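# Fold and contact review
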2 protein chains.
Amino acid sequence: MAPTSETLTAERILEATEEVLRRHGPAKATVVDVARALGVSHGSVYRHFRTKAALREAVTKRWLDRTSGELSGIAAGDGAPEARLRDWLAALFAAKRRKAGGDPELFATYTVLTSENGAAVGEHIADLTSQLTRIIRAGVETGDFAAGDPQATARAVFQATGRFHDPSHAREWEEPGAEADFRAVVDLLMRGLRP
Amino acid sequence: MAPTSETLTAERILEATEEVLRRHGPAKATVVDVARALGVSHGSVYRHFRTKAALREAVTKRWLDRTSGELSGIAAGDGAPEARLRDWLAALFAAKRRKAGGDPELFATYTVLTSENGAAVGEHIADLTSQLTRIIRAGVETGDFAAGDPQATARAVFQATGRFHDPSHAREWEEPGAEADFRAVVDLLMRGLRP
DNA sequence: CAGCTGACAGATTTCAATATCTGTCATTCG
DNA sequence: CGAATGACAGATATTGAAATCTGTCAGCTG
């Protein structure tokens, strides 16, 4: 909050924007607020981001990237593909659920941001799907999975588990049977992947 | 629209309400509009429905019941369970897609109504899931499917295909690869169901 | 007298005036 | 001279007063 007198960088603006979004929510967070938090005029912010939309998009990308970063470790692991796939899906569900349940207001804020920003979300989904493809391809190589087209299969697995990672279903993640439902879907998919 | 002088029945009120919703949309459709369409005072409407919310719920139920009625024929059929399941899922996807694509405004109206009305939607989903259970149970009996708990499996199949029937994904139903995505998910699930 | 009406209170929505915000750019500052 | 400022025009959001709506009910009507 202290108007540090370091040089103004895109990075610092993004941090301030996240803070402003956290405090004011997506509807009331303004560029003027961000500039005020940094102790500069709002004109300076426009030197680093052409529009408010671009600023919000950059914040959204950062947030999505943090999530996919958490999972890439599992995808790159070297355990049995079947276990790796289960772990990856469970980690994805757990991460989303933690974010949604832990700070519902912030999660709602980012839900608004992602819905503003189809492109960034598309890239994020492409990233996650490619992590999944990597796991499935590994399984095909070891003979644990049968999949004619690993990429299409990864897409199908991602879509079939959508209820457990798509933010539009966040309400349902805290319902009693959620965990059991998740396991049932994953079990069915794992059976479908076996040769 | 003609203020028919038949006796005022719940049925006629529901029809008029659907018409008013179709014309004005969910935000601007008022009980006064419905009464005007029927040529009665709004007080008369309240004789048949305790509140505006109850009236909207009844309209929602009717709409949902029409959809599940379309599918019950397939679920009750006597063909091979595997084909029946594919047909049922395809019919569900086709029906939803037809409704969403054919009259987007009306679909948006009903999307608002369903989101207002968790209970009615819950019953509708329970109905659809029980149709699915029936098909899966038949498959278990003929040996076409392996499912320890047909009801839980039906739930899993329904949830895994959510992207292709849940209204919150309606936007995606008209995208290029939608049909292929649907087939990929269904294929994977069918493989998972085999003994 | 069963069903309908319309006036009413309180809640909600609309609308237009006012304030704030976004994005630009000529000017200032270091 | 490059980075930052702040005044400005047009767009968007806020506000509060006026209009409309919801739900009730005493009384009217056939």
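Residues numbered from 1 in each chain as written. Chains lettered and ligands numbered in written order. Predicted model: local features only at pLDDT ≥ 70, side-chain atom pairs only at ≥ 80, totals over all residues. Heavy atoms only, no water.

## Comments concerning the nonpolar core
Counting residues in each nonpolar core, the largest one holds 104 residues, and the members touching the most others are Leu 85, Trp 88 and Val 157 of chain A together with Leu 85, Trp 88 and Val 157 of chain B. Apart from residues lying up to four places away in sequence, Leu 85 of chain A is in contact with Leu 132, Ile 135, Phe 145, Met 190 and Leu 193 of chain A. (Core = buried A, V, L, I, M, F, W, Y, C linked by side-chain atoms within 4.5 Å. Buried < 20%, exposed > 50% of the residue type's maximum accessible area, 1.4 Å probe, protein only. Contact = heavy atoms within 4.5 Å.)

## Quick notes on the interface of chain B and chain A
Contact with chain B, which involves 21 residues of that partner, is made by 21 residues of chain A. Both faces combined, the contact of chain B with chain A buries some 1700 Å², and carbon together with sulfur accounts for 55% of it. Considering only the side of chain B, the residues that lose the most area to chain A are Gln 159, Leu 188 and Arg 191 of chain B, jointly responsible for 34% of the buried surface there. Connecting chain B to chain A are 2 salt bridges. In this structure, Asp 181 of chain A and Arg 155 of chain B form a salt bridge, with 2.8 Å as the shortest nitrogen-oxygen distance. There are 10 residue pairs in polar contact (both at pLDDT 80 or more) connecting chain B and chain A. (Buried area = accessible area lost by both parts, 1.4 Å probe. Salt bridge = Lys/Arg side-chain N within 4 Å of Asp/Glu carboxyl O. Polar contact = N/O pair within 3.5 Å; in protein donor to acceptor, adjacent residues only side chain to side chain.)

## As for the protein's contact with DNA strand D
Neighbouring residues of DNA strand D: 14 residues in total, closest Ser 41 and Ser 44 of chain A together with His 42, Tyr 46 and Lys 52 of chain B. The share of sugar and phosphate among atoms of DNA strand D within 4 Å of the protein is 61%. Within the side chain of Ser 44 of chain A, one N or O atom sits 2.6 Å away from a phosphate oxygen of DNA strand D. Counting residues per element, the ones that place at least two in the surface near DNA strand D are helix H3 (42-48) of chain A together with helix H2 (31-38) and helix H3 (42-48) of chain B. Of all the elements, H3 of chain A adds the most residues to the surface near DNA strand D, at 4 residues. When grouped by side-chain class, the residues that make up the surface near DNA strand D number 5 nonpolar, 7 polar and 2 charged. (Near = heavy atom within 4 Å. Helix = DSSP H or I, 4+ residues; strand = E, 2+ residues; numbered from the N terminus. Nonpolar A, V, L, I, M, F, W, Y, C, P; charged D, E, K, R; others polar.)

## Thoughts on helix H4 (residues 52-75) of chain A
The end-to-end C-alpha separation of H4 of chain A is 35 Å, in line with the 34 Å expected for 24 residues at 1.5 Å each. Here the buried face of H4 of chain A lies against helix H1 (10-28), H3, helix H5 (81-102), helix H6 (104-116) and helix H7 (118-142) of chain A. (Expected span 1.5 Å × (residues − 1).)

## Some points on the relation of the copies chain B and chain A
For the match of chain B to chain A, the screw axis carries a shift of 0.0 Å, the RMSD comes to 0.0 Å, and the turn is 180°. In the structure described here, the two chain copies are related by an operation that fits a two-fold rotation axis. Taking C-alpha positions as reference, the residue of chain B nearest the rotation axis is Gly 192 of chain B, located at 1.8 Å. By residue overlap, the copies meet face to face through one surface: 100% of the interface positions of chain B are interface positions in chain A. (Least-squares fit on C-alpha atoms with pLDDT ≥ 70 in both.)

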